[in-house]
Amino acid sequence: MSQNPDAPGAGSDTPNLDFAGTTPYEDYVQADVLTHLQHPLSDDPGEMVFLVTTQVMELWFTVIVHEWETAAKALGEDDLPVATDALKRSLRELEALNASWRPLAHLTPAQFNSYRSALGEGSGFQSAMYRRMEFLLGDKSASMLVPHRGAPRVYAELEKALHQPSLYDETLRLLARRGLPVPASVLERDLSQKYEPSAEVEAVWTELYQGDQNAELVRLGELLTDVGELVWRWRNDHLVATRRAMGSKVGTGGSAGVAWLEKRATKNVFPELWTARSHV
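Residues numbered from 1 in each chain as written. Predicted model: local features only at pLDDT ≥ 70, side-chain atom pairs only at ≥ 80, totals over all residues. Heavy atoms only, no water.

S.K.: Whenever I open this one, the layout of surface pockets confuses me. Can you help?
M.R.: Where empty space is left becomes clear once a probe the size of a water molecule has been rolled over the atoms. Its boundaries defined by the atoms lining it, the largest pocket holds a volume of some 1,000 Å³. Residue lining of the largest pocket: 39 residues in total, with Phe50, Leu119, Ser123, Gly124 and His238 positioned closest to the centre. When contributions to the lining of the largest pocket are tallied by element, the ones reaching two or more residues are helix H3 (46–76), helix H5 (109–116), helix H6 (128–136), helix H11 (216–246) and helix H12 (258–265). It is H3 that provides the largest number of residues to the lining of the largest pocket, a total of eight residues. (1 Å grid on protein atoms, 1.4 Å probe; cavity = no way out; pocket = protein on both sides within 12 Å on 5 of 7 lines; lining within 4 Å. Points joined across faces, edges and corners; volume = space filled by probe spheres on them. Helix = DSSP H or I, 4+ residues; strand = E, 2+ residues; numbered from the N terminus.)

Below you can see the structure in the form of structure tokens.
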């Protein structure tokens, strides 16, 4: 009798297809959960694209927050190899995040309007995980916790992040421990406030960049600059996609829409890493 080539165990190259419960893949990835989280509220087929793309962005936010928290913790422990590995991974993840704009990048106003009402008062600025990203970049504001008062776990996580050192705070503390003259006013600042540029910090980066280009602190500075560039590109891609889809209209949730995004797009994270270059 010939053996069925499709039967489990029929040959060494045949995978196991028979499981008592769900597959090990499902148990690990939770694919069934992920692929049933989409509940469009309109009849427009384009809404599914918008919804899935937004959910994918949220997943990338989550990964990037994990990497930056790992890097910040490692910097605080003077573990540069772990910090730089996490930052390097985050660069690839930021590139993937930025590529997520492609499905939405060419929406016309009419296409967006066909399901825009489904968003109601929803707006991207209400994303808690994106807010944690911003806090890790040093762009902090206690007022941004207000939309999350109705979600105790999310609110607690954001409040904790508000008062923790940002990625840049931990970097500057590391520079100080290495003997560089980072001013006490920066090291002892109120961590719940937005980071403000310092002429003394700019001078520290200028000194570093005038020295050995292979020094580990210069390489760290370049990694952070790479992060800053990709964040800038994210903000600009967001601005362009929004401008194409809705022009200068008020955004969902009462946000200023394009005007608010234009203001954000002009700002650099880790500011002295950019301004110090003018003095080298």
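More follows now that the structure is in view.
S.K.: Please clarify how helix H4 (residues 80–99) should be interpreted in this entry.
M.R.: Spacing of three or four residues puts side chains on the same side of an α-helix, whose turn is 3.6 residues. The terminal C-alpha atoms of H4 lie 29 Å apart, and with 20 residues this matches the ideal 28 Å at 1.5 Å per residue to within 8%. Residues of H4 that are buried sit in contact with H3, H6, helix H8 (167–177) and H11. (Expected span 1.5 Å × (residues − 1). Contact = heavy atoms within 4.5 Å.)

S.K.: I tried to follow a nonpolar patch on the surface on my own but got confused; where do I start?
M.R.: A contiguous nonpolar surface patch, about 320 Å² in accessible area, is contributed by Val33, Leu34, Leu37 and Leu59. Within the secondary structure, Leu37 is located in the loop between helix H2 (31–34) and H3. (Patch = residues over 30% accessible without salt bridge, like charges linked within 9 Å, V, L, I, M, F, W, Y side chains within 5 Å. Areas by Shrake-Rupley, 256 points an atom, 1.4 Å probe, with all protein chains shown as cover. Salt bridge = Lys/Arg side-chain N within 4 Å of Asp/Glu carboxyl O.)

S.K.: I tried to follow the nonpolar core on my own but got confused; where do I start?
M.R.: Core analysis: the biggest nonpolar cluster contains 57 residues, and Trp68 and Trp205 have the highest contact counts within it. Elements with a contribution of two residues or more to this core: H3, H4, H5, H6, H8, helix H10 (199–209) and H11. Trp205 has contacts with Tyr168, Thr171, Leu172, Leu175, Leu217, Gly221, Glu272, Leu273 and Ala276, leaving out every residue within four places of it along the chain. With seven residues, the next largest nonpolar core counts Phe135, Val154, Ala161 and Leu162 among its residues. (Core = buried A, V, L, I, M, F, W, Y, C linked by side-chain atoms within 4.5 Å. Buried < 20%, exposed > 50% of the residue type's maximum accessible area, 1.4 Å probe, protein only.)

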